[in-house]
Amino acid sequence: MNILLMGLPGAGKGTQAAKIVDAYDFPHISTGDMFRQAIADETELGKEAQSYMDAGGLVPDEVTNGIVDERLQQDDTAKGFMLDGYPRTLNQAQALEDIMSKQGKSIDAVIYFDVDPEVLKKRLSGRIICRDCGATYNKFFNPPKVDGVCDKCSSSNFYQREDDKAEVVENRIKVNMEQQKPLIDFYEERGKLHRVPGDIGIDNVFAKVQEIIDK
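Going by what an unreviewed UniProt entry lists, the chain is known as Adenylate kinase and is assigned to Aerococcus kribbianus. Taken verbatim from the UniProt record of the chain, the Function (unreviewed entry) comment is "Catalyzes the reversible transfer of the terminal phosphate group between ATP and AMP. Plays an important role in cellular energy homeostasis and in adenine nucleotide metabolism." On record in UniProt, under Sequence similarities (unreviewed entry), the comment for the chain is "Belongs to the adenylate kinase family."

Structure below.
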């Protein structure tokens, strides 16, 4: 079973990926992990990717696609894999189709965690962190039991990360929606896209994911 995971920031993709890994015997392959491994192994493509990253540039598609190709040929993918963070563009999606065809494989399902963007904005922009003990809360969904007081250490010293601020979150979601729309259409046209509501509780979401995988 070869699957892709997709979803906007805050949709719960990371949480579900961890549950899938626990339940099924195939690797979770993220773009970041692939790059780090190729660089650590000092493969030719890894060295090339490192040179672009060191210069502060974007790694070209042909290098990224090559690293994906190498990774998906490794033995641990024989029973299947879960790909996360790739493809990001239509060119990469088509390249993945070519890679899969060359390797005699195919993408069986694309699982898209579908959550209302307004809910995602609250999930992300509501996050606050206790500066003293690091406990994390959400002003909307998981606030401290006493307003403004940390449950764990009783501190009132909270802060919000820059990338959790409302205007930053709104822009992140907008950019991701624009990037993912062509990919959603691409996989929907091929009958591979499965939309899973991401706001029905972690265990209920995972039950839907299991239905898709077990089919």
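What follows continues from the structure just given.
A. Up close: the nonpolar core. Ranked by internal contacts, the top residues of the largest apolar core, which has 52 residues, are Ile20, Leu96 and Ile111. Among the elements that make up this core, the one with the highest residue count is helix H7 (residues 166-189) (6 residues). Ile20 has contacts with Leu5, Phe26, Met82, Phe206, Val209 and Ile213, leaving out every residue within four places of it along the chain. Core analysis: the second largest hydrophobic core is formed by 5 residues, Ile128, Ala135, Tyr137 and Cys150 among them.

B. Looking closely at the packing of aromatic side chains. Taken as a whole, this structure holds 3 aromatic pairs when the rule is applied. Considering the side-chain rings of Tyr24 and Phe26, the 5.9 Å spacing of their centres and the 15 degrees angle between planes classify their relative orientation as stacked. One exposure class covers both Tyr24 and Phe26, and it is buried. Both rings, one in Phe186 and one in Tyr187, keep their centres 5.0 Å apart while their planes meet at 90 degrees; by these two values the pair is edge-to-face.

C. Quick look at unusual backbone geometry. Going from Tyr86 to Pro87, the amide bond is cis rather than trans, its omega being 0 degrees. The topology assignment puts Pro87 in the loop between strand E3 (81-84) and helix H5 (90-102). The residue Glu42 is not glycine, and still its phi comes out positive at about 55 degrees. Along the chain, Glu42 falls in the loop between helix H2 (31-40) and helix H3 (44-54).

About the thresholds
- Residues numbered from 1 in each chain as written.
- Predicted model: local features only at pLDDT ≥ 70, side-chain atom pairs only at ≥ 80, totals over all residues.
- Heavy atoms only, no water.
- UniProt positions renumbered as here; feature names shortened; annotations may be inferred.
- Core = buried A, V, L, I, M, F, W, Y, C linked by side-chain atoms within 4.5 Å.
- Buried < 20%, exposed > 50% of the residue type's maximum accessible area, 1.4 Å probe, protein only.
- Helix = DSSP H or I, 4+ residues; strand = E, 2+ residues; numbered from the N terminus.
- Contact = heavy atoms within 4.5 Å.
- Phe/Tyr/Trp six-rings, centres within 6.5 Å; stacked < 30°, edge-to-face > 60°.

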